[in-house]
Each structure stands twice: as structure tokens, then as C-alpha cells.
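Examining the three-dimensional arrangement
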Amino acid sequence: MSEKTETIIEQLKTLTLLEASELVEKIEETFGVDASSGGGMMMMAAGAVAGGDAGGAGGEEKTEFDVVLEKFPADKKIAILKVVRGITGLGLKEAKEIVEAVPKVIKEAVAKSDAEDVKKQLEE
């Protein structure tokens, strides 16, 4: 990292929560960006386990998950659309409807490893 970047990072570490919030707002305003639009594009929601008991033991690990596309950066819409088509096997029109109607379930009742694979594809 450059010395200038290191200096900025050190100054940021000294900000109060209020000052940091104000800084984020000013950066969003100045550069026309939305700090909340990046990052977590989707989540895995615990799905109903077949034959599972709604009031079951708290120690049981969920085995099936729903993959939900919550949001994505607007400039990544086409890439997300391609990934959704590949994951779901839907046509262009159907995949576009899903992407434009976020939050939307992409896959239901999939194994944790499969849900993590789908999440990785969507985040790339």
C-alpha cells in the first residue's frame, strides 16, 4: 500500500461512528455511489427439512437451504442474469423476470454445499 493510503487508513481508524457515517454519506454524494449496493448479493435461508419438526431440537443442523438473490449492483445485471440462467436452466425472459424481481428465491431446498456453490457463482 502507498504511504498516502496508509495515512488515510490511520486517520479513518480515529473517526467516531457519527463521523464515519457522515463520511460515507459524503462519499456517496460526491462520487454518485451507493455503499450498500455492493457486497452481500445473496443469502442462504434455512429451508424446511423434509420430515422435520418445526419445533425440533435446537441442536440440529439444517440440511436444506434456499438460495435467495437479495440485491446486486446495477452494473452487474447482465452477468447476474447469465449466472441465474445457468443455475436455473431458465430461458432469457424467465431469468430476467427473476433478476428484476429481487429479492427472489433462485434455488429451493438444496444441500449446503450446493447452496454455497451457487452463492460463489453469483458473487464472482
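Residues numbered from 1 in each chain as written. Predicted model: local features only at pLDDT ≥ 70, side-chain atom pairs only at ≥ 80, totals over all residues. Heavy atoms only, no water.

**Regarding the overall build of the protein**
Operational definition: Working definition: helices are DSSP H or I runs of at least four residues, strands are E runs of at least two. Numbering for both runs from the N terminus. Partly exposed describes any residue whose relative accessible area lies between the buried limit of under 20% and the exposed limit of over 50%, with all areas from a 1.4 Å probe on protein chains only and scaled to the type maximum. Residues count as neighbours in contact if any of their non-hydrogen atoms are within 4.5 Å of one another.
Scanning the protein for helices and strands turns up five helices and three strands. Starting at the N terminus and walking to the C terminus, you meet the elements of the protein as α-α-β-β-α-α-β-α. Here the protein holds 124 residues, and the buried ones make up 18% of them. When contacts within the protein are restricted to residue pairs at least 6 apart in sequence, those whose partners lie at least 24 apart make up 58%.

**Here's the deal with the packing of helix α3 (residues 77–88) against helix α5 (residues 112–123)**
How we decide: Axis definition: a line fit to C-alpha positions, over the contact stretch in the case of helices; interaxial angles, taken between N-to-C directions, run 0 to 180 degrees. Here the word oblique covers every angle except those under 35 degrees (roughly parallel), over 145 (roughly antiparallel) and from 65 to 115 (roughly perpendicular). Each helix crossing is assigned a hand: it is left-handed if the near helix lies turned anticlockwise from the far helix by less than a right angle, otherwise right-handed if that turn is clockwise. Residues are sorted three ways: Asp, Glu, Lys and Arg are charged, Ala, Val, Leu, Ile, Met, Phe, Trp, Tyr, Cys and Pro are nonpolar, and all the rest, Gly among them, are polar.
At their nearest, the axes of α3 and α5 sit 9 Å apart, and the two run at 155° to each other. With respect to α5, the element α3 is oriented roughly antiparallel. Pair α3 / α5 crosses with right-handed handedness. Seen from α3, the contacting residues are I80, V83, V84 and I87; seen from α5, they are V118, Q121 and L122. Class assignment of the residues belonging to the contact of α3 with α5 gives a composition of six nonpolar, one polar and no charged.

**Let's talk about α3**
Our working definition: What a helix is expected to span follows from its residue count: subtract one and scale by 1.5 Å. As used here, the arc belongs to the directions running from the helix axis to the C-beta atoms.
Given a rise of 1.5 Å per residue, 12 residues ought to cover 16 Å, and the 16 Å separating the end C-alpha atoms of α3 matches this to within 8%. Listed as buried for α3 are I80, L81, V84 and I87. Down the axis of α3, the buried set is contained in an arc of 130°. They therefore lie on one face. Away from its buried face by more than 90 degrees, α3 exposes I78, K82 and G86. Close packing links the buried residues of α3 with β2 (65–69), α4 (92–100), β3 (104–110) and α5. Just downstream of α3, G89 is the residue with a positive phi angle, here 75°.

**Thoughts on the pattern of salt bridges**
Cut-off, in case you're wondering: Salt bridge, as used here, is a side-chain nitrogen of Lys or Arg placed within 4 Å of a carboxyl oxygen of Asp or Glu.
Scanning all chains against the criterion turns up four salt bridges. Linking E10 and K13 is a salt bridge whose minimum nitrogen-to-oxygen distance equals 3.3 Å. On the criterion of helical spacing, the pair formed by E10 and K13 is a turn pair, its members being three residues apart in helix α1 (residues 3–13). For the salt bridge of E100 with K96, the shortest nitrogen-to-oxygen distance reads 3.8 Å.

**A short note on the confidence of the model for the protein**
Put simply, the rule reads: Each residue carries a pLDDT score, the predictor's own confidence in it, on a scale running from 0 to 100.
For the protein, per-residue confidence averages 76 on the pLDDT scale, and residues scoring 70 or more make up 77% of the total. Counted against residues more than four places away or in other chains, residues 37–58, with its pLDDT under 50, gives 44 contacts.

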